Amino acid sequence: MDTVKDDAWMSQPEAAHRLGVTLIRVGMLIANRRLIPAENPAGQAGVTTASVQAEETWRANATKRAKLTRLLKDTINWF
C-alpha cells in the first residue's frame, strides 16, 4: 500500500459517505480495484482521493445498465 499526502488521502468511511454507499461497498470497490488503497503519513489506511473522484465521475456518467453489470461483476469477484 502506498503512502500519500493527506490531501491525496481519504478515509474509507469518508469515501463511503462521499459516494453514497455503505462501508462494505467501499471494501468491495477496493477488492475490485475500483478504489485504490493508500495510507496517509500517519499510517492510517484509506483510499486515494483521485480514485474516489474517478468513481464519482463514473457513477455520474454510467448508464443504469452499466452500473448493474458492474455491480454483478464486482459481487461475483468479491467471492
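Everything below is about the structure printed above this text.
Residues numbered from 1 in each chain as written. Predicted model: local features only at pLDDT ≥ 70, side-chain atom pairs only at ≥ 80, totals over all residues. Heavy atoms only, no water.

Remarks on the pairing of strand β4 (residues 45–48)
Threshold: Only strands joined by at least two bridges in the DSSP assignment are considered to pair. Here a helix means four or more residues in a row that DSSP labels H or I, a strand means two or more in a row labelled E, and each is numbered from the N terminus.
Where strand β2 (residues 9–10) and β4 come together, 2 bridges link them in antiparallel fashion. Bridge assignment links Met-10 to a residue of β4, and that residue is Val-47. Relative to β4, strand β3 (residues 37–39) runs antiparallel, the two sharing 3 bridges. The partner of Glu-39 across the bridge, within β4, is Ala-45. Linking β3 back to β4 in an antiparallel pair, the connection comprises 5 residues, with Gly-43 at a positive phi of about 90°.

Points about the sheet that holds β3
Operational definition: Note on contacts: a residue pair qualifies if any of its non-hydrogen atoms lie within 4.5 Å across the two residues. Think of each axis as a best-fit line through the C-alpha atoms, taken over the contacting stretch in the case of a helix, with angles from 0 to 180 degrees between the N-to-C directions.
Strand order in the open sheet formed by 4 strands is β1-β3-β4-β2, with mixed pairing between adjacent strands. In this open sheet, the two strands that pair with only one neighbour each are β1 (2–3) and β2. Running over the sheet, helix α3 (residues 49–61) touches β2 and β4 and is turned about 55° from β4.

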